[in-house]
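Tertiary structure, described
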Amino acid sequence: MWHQRLITLRPRSRGFHLVTDELLAQLPELAGYRVGLVHLLLQHTSASLTLNENCDPSVRADMEAHLHRLAPQEAPYYRHTDEGPDDMPAHIKSSLLGVSLQLPIREGRLALGTWQGIWLGEHRLDGGARKIVVTLQGE
């Protein structure tokens, strides 16, 4: 059985945000799958999806601080500057972390580890609402 839907996450400020619950709230079809896979594709080039710590928010803050040092805003060597000083570093962070996840489904739920949650990496100061294509496959 296959199912696909487009979901929208509410706008967020720059940083890493735990979005597991918001995503699952828009995916009631998941409960109908005994076993399978869910594929998430974030349809943006200035944000990212990653799987990481779901409990301690300081991990998300540390990740943001580290990536900001890795891809700083307004680096003098950036050529792509027409969309603002936060855009090119956002593209770099998006490429480093990626825009998709593939996760297992077990008994109508995501089979995540105890401390794992889905993060949205918002790499723009004001990225707006973010869209994710969700594809479910399984039985």
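Quick note: structure is the one above.
Below is a summary of the structure that appears in this document. (Residues numbered from 1 in each chain as written. Predicted model: local features only at pLDDT ≥ 70, side-chain atom pairs only at ≥ 80, totals over all residues. Heavy atoms only, no water.)

**With respect to the nonpolar core**
- By size, the foremost hydrophobic cluster in this structure holds 21 residues, and its most contacted members are Val 38, Leu 40, Ile 118 and Ile 132.
- When residues of this core are traced back to their parent elements, those giving at least two are strand 1 (2–9), strand 3 (35–42), strand 4 (47–53), strand 5 (100–106), strand 7 (116–126) and strand 8 (130–138).
- Contact partners of Val 38, with chain neighbours within four places excluded, come to Leu 101, Gln 102, Leu 103, Ile 105, Leu 110, Val 134, Thr 135 and Leu 136. (Core = buried A, V, L, I, M, F, W, Y, C linked by side-chain atoms within 4.5 Å. Buried < 20%, exposed > 50% of the residue type's maximum accessible area, 1.4 Å probe, protein only. Helix = DSSP H or I, 4+ residues; strand = E, 2+ residues; numbered from the N terminus. Contact = heavy atoms within 4.5 Å.)

**Observations regarding helix 3 (residues 87–97)**
- Those residues of helix 3 not exposed but buried are Asp 87, Pro 89, Ala 90, His 91, Lys 93 and Ser 94.
- Of the surrounding secondary structure, the elements contacted by the buried residues of helix 3 are strand 4, helix 2 (57–70) and strand 7.
- Taken from the residues just after helix 3, Gly 98 is the one with a positive phi, measuring 95 degrees.

**Section: unusual backbone geometry**
- The phi torsion at Glu 74 lies on the positive side, around 60 degrees, for a residue other than glycine.
- One non-glycine residue, Glu 107, lies in the positive phi region at around 55 degrees.
- In this fold, Glu 107 is placed in the loop between strand 5 and strand 6 (109–110).
- Looking at Glu 107, the relative accessible area reads 56%, which means it is exposed.

**Observations concerning the sheet that holds strand 3**
- A sheet is described by the order of its strands in space; here five strands give the open sequence 1-8-3-5-6, paired in antiparallel fashion. The open sheet has two free edges, formed respectively by strand 1 and strand 6, since each of these has just one partner strand.
- Taken together, the eight bridges between strand 1 and strand 8 define a ladder with antiparallel strand orientation. Note on strand 8: the bridge partner recorded for Leu 6 is Val 133. (Pairing = 2+ DSSP bridges.)

**Examining the pattern of salt bridges**
- Summed over the entire model, instances satisfying the criterion amount to seven salt bridges.
- Salt-bridge contacts for Glu 29 lead to Arg 5; the nearest nitrogen and oxygen are separated by 2.6 Å. Separated by 24 residues along the polypeptide, Glu 29 in the loop between helix 1 (20–25) and strand 3 and Arg 5 in strand 1 bring together distant segments of the chain.
- By relative accessible area, which is 30% here, Arg 5 ends up partly exposed.
- The salt bridge partner of Glu 22 is Arg 12, with a shortest N-O separation of 2.4 Å. Of this pair, Glu 22 sits in helix 1 while Arg 12 sits in the loop between strand 1 and strand 2 (13–18), and the two are ten residues apart along the sequence. Of the two residues examined, Glu 22 and Arg 12, each falls in the buried class.
- When salt bridges with common partners are traced through the structure, they connect Asp 86, Asp 87 and Arg 124 into a single cluster. (Salt bridge = Lys/Arg side-chain N within 4 Å of Asp/Glu carboxyl O.)

**Quick notes on the packing of aromatic side chains**
- Scanning the entire structure with this criterion turns up two aromatic pairs.
- Where Phe 16 meets Trp 119, the ring centres are 5.3 Å apart and the plane angle is 55 degrees; that geometry is what we call tilted. Residue Phe 16 is located in strand 2, and its partner Trp 119 is located in strand 7; the two are separated by 103 residues in the primary sequence. Residues Phe 16 and Trp 119 agree in their burial class; the two are buried. (Phe/Tyr/Trp six-rings, centres within 6.5 Å; stacked < 30°, edge-to-face > 60°.)

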